[in-house]
There are 2 protein chains.
Amino acid sequence: MVIRRLPRYRRYLADLENRGVERVSSGMLSEILGYTASQIRQDLNNFGGFGQQGYGYKVSDLKTEIDAILGLGEQYRMAIVGIGNLGHAVSNYLYRYLDEFVVAALFDVNPAVIGSEIAGIEIRNANELDAYLAENAIDIGVITANKEAAQGIADSFIKGGVRGIWNFATIDIDVPDEICLQNEHLSDGLHELVYYIHSK
Amino acid sequence: MVIRRLPRYRRYLADLENRGVERVSSGMLSEILGYTASQIRQDLNNFGGFGQQGYGYKVSDLKTEIDAILGLGEQYRMAIVGIGNLGHAVSNYLYRYLDEFVVAALFDVNPAVIGSEIAGIEIRNANELDAYLAENAIDIGVITANKEAAQGIADSFIKGGVRGIWNFATIDIDVPDEICLQNEHLSDGLHELVYYIHSK
């Protein structure tokens, strides 16, 4: 499950790059990230053996390589369904921080928000989702609606040809094998925090 | 880093319990969670060796045990600072889904929201945070404000005696060793999703 560690490596490398640091050792990565240095060397060797004994890794090369592995060289078009507080927050986050991810369309069922805009993107009526997806290529469908609506939205995304679904609804949704599914569970991070508090 | 897997075990076991399933094998856990069966047996043995060869684990016992390890037997009082869309969404999520976590107080700097309520909890002026923490015991401080404000809020939480900080601001904050810090990074889940899409 090295993939679960790669986004963390990438985040840390981007931070080093922003601070002008050019080289990093597996020992430094270990200290910050909390994995052992040998785990880190093994992870990075899996992807082609960057780094030279005693010299560490060149930050920019390693980040570029990880970006390529993660598939961050291309842009991804997203549609978000469910523009309550959470959908609004996710939309803002993508717009502000993640250039590779383009919010192409927003949908909700609430007449009070339909027609308003977030960062220049209009919130459409959710009953137009199928028609929109038939006309527009969307890579990733985001579900920030309630759990009762989640499976229906996922079915529309699948029929509409998305490649992956990012699900924030607190329910397991069924997707066919060819669709990538990422479930977000806020409780995981909180439970991890409580473990550390509890074991102090 | 077995701790990073425990919240996922717990989530899955809670789901099995809700569906009335009484026993589960490491093979079943493996299939759902994507870790190897031997990894799972090793993780669970670390915490005292539940399960009997060939009989699997009793779902309720295993969940109870994991709850105890995670420290979920007690209640945690939370204060949330930054009640924009994200803070609102986090507050709703805690209120709806996580009984062990009690939202005790909400704070913001925006006069337009100060004085309004979420689930019966008033949004206070952020300039009252220090005074509030001096009078009220808070276990976990949640930062859902912007990154410019994050360190100042963290400093108030630390001075006010919180045990842990759950940080959603997209910045590294400094905390002393005795304070537990959990940073949430929405981008990690999205980057993981893109990796799977990209490698299909």
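What counts and what doesn't
Residues numbered from 1 in each chain as written. Chains lettered and ligands numbered in written order. Predicted model: local features only at pLDDT ≥ 70, side-chain atom pairs only at ≥ 80, totals over all residues. Heavy atoms only, no water. 1 Å grid on protein atoms, 1.4 Å probe; cavity = no way out; pocket = protein on both sides within 12 Å on 5 of 7 lines; lining within 4 Å. Points joined across faces, edges and corners; volume = space filled by probe spheres on them. Nonpolar A, V, L, I, M, F, W, Y, C, P; charged D, E, K, R; others polar. Domains from an automatic or database assignment. Least-squares fit on C-alpha atoms with pLDDT ≥ 70 in both. Contact = heavy atoms within 4.5 Å. Helix = DSSP H or I, 4+ residues; strand = E, 2+ residues; numbered from the N terminus. Pairing = 2+ DSSP bridges. Buried area = accessible area lost by both parts, 1.4 Å probe. Salt bridge = Lys/Arg side-chain N within 4 Å of Asp/Glu carboxyl O. Polar contact = N/O pair within 3.5 Å; in protein donor to acceptor, adjacent residues only side chain to side chain.

Student: Honestly, empty space enclosed by the protein in this entry has me stumped. Any pointers?
Tutor: Here the structure, examined in full by the defined rule, presents one cavity of 30 Å³ or more. Roughly 60 Å³ of internal volume is contained in the largest cavity. Split into classes, the residues belonging to the lining of the largest cavity amount to seven nonpolar, no polar and no charged.

Student: I'm lost on the domain arrangement of chain A in this one. Help?
Tutor: Often the size quoted for an interface is simply the accessible area lost on bringing the parts together. Parsing chain A into structural domains produces domain 1 (2–70) and domain 2 (76–187). Computed from C-alpha atoms alone, the centre-to-centre distance between domain 1 of chain A and domain 2 of chain A is 32 Å.

Student: Mind showing me how you'd approach the relation of the copies chain A and chain B here?
Tutor: Comparison of the two chain copies shows a relationship of rotation about an axis with a shift along it. If you rotate chain A by 180° and push it 0.0 Å along the axis, it lands on chain B with an RMSD of 0.0 Å. The two molecules are tied by a two-fold rotation axis, judged by turn and shift. Measuring from the rotation axis to each C-alpha of chain A, the shortest distance belongs to A:Asn85, at 2.2 Å. The residues that chain A uses at the interface reappear at the interface of chain B in 98% of cases, marking a shared surface.

Student: Help me understand the environment of B:Val90 in this model?
Tutor: Considering the arrangement of structural elements, one finds B:Val90 in helix H5 (residues 85–97). Measuring from C-alpha to C-alpha, the distance between B:Val90 and B:Glu148 comes to 20 Å, with 58 residues separating the pair along the chain. Not counting residues within four places of it along the chain, the set of residues in contact with B:Val90 comprises A:Leu186, B:Ile80, B:Val142, B:Thr144, B:Trp166 and B:Phe168.

Student: Can you walk me through the sheet that holds strand S6 (residues 121–125) of chain A in this structure?
Tutor: In sheet architecture, strand pairing relies on hydrogen bonds along the backbone and comes in two forms, parallel and antiparallel. Residues and elements named next belong to chain A. Sheet architecture is open: seven strands sit in the order S5-S6-S4-S3-S7-S8-S9, paired in mixed fashion. In the strand order of this sheet, the two ends are held by strand S5 (117–118) and strand S9 (180–183), each with one partner. Pairing between strand S4 (residues 101–108) and S6: three bridges, direction parallel. Counted as the bridge partner of Asp 108 is Asn 125 from S6.

Student: Can you walk me through the interface of chain A and chain B in this structure?
Tutor: The partner chain B presents 59 residues to the 60 residues of chain A that form the contact. Here chain A meets chain B over a buried area of about 5500 Å², counting both sides, of which 66% is carbon and sulfur. Where chain A meets chain B, there are two salt bridges. Across the salt bridge formed by B:Asp188 and A:Arg11, the nearest N and O atoms sit 2.6 Å from each other. Taken together, the connections running from chain A to chain B amount to 14 residue pairs in polar contact (both at pLDDT 80 or more). When residues of the side of chain A that touches chain B are traced back to their parent elements, those giving at least two are helix H1 (6–18), helix H4 (59–70), strand S3 (76–81), helix H5 (85–97), strand S8 (164–167), S9 and helix H8 (186–199) of chain A. Considering every element that reaches the side of chain A that touches chain B, the biggest residue donor is H8(A), with 13 residues.

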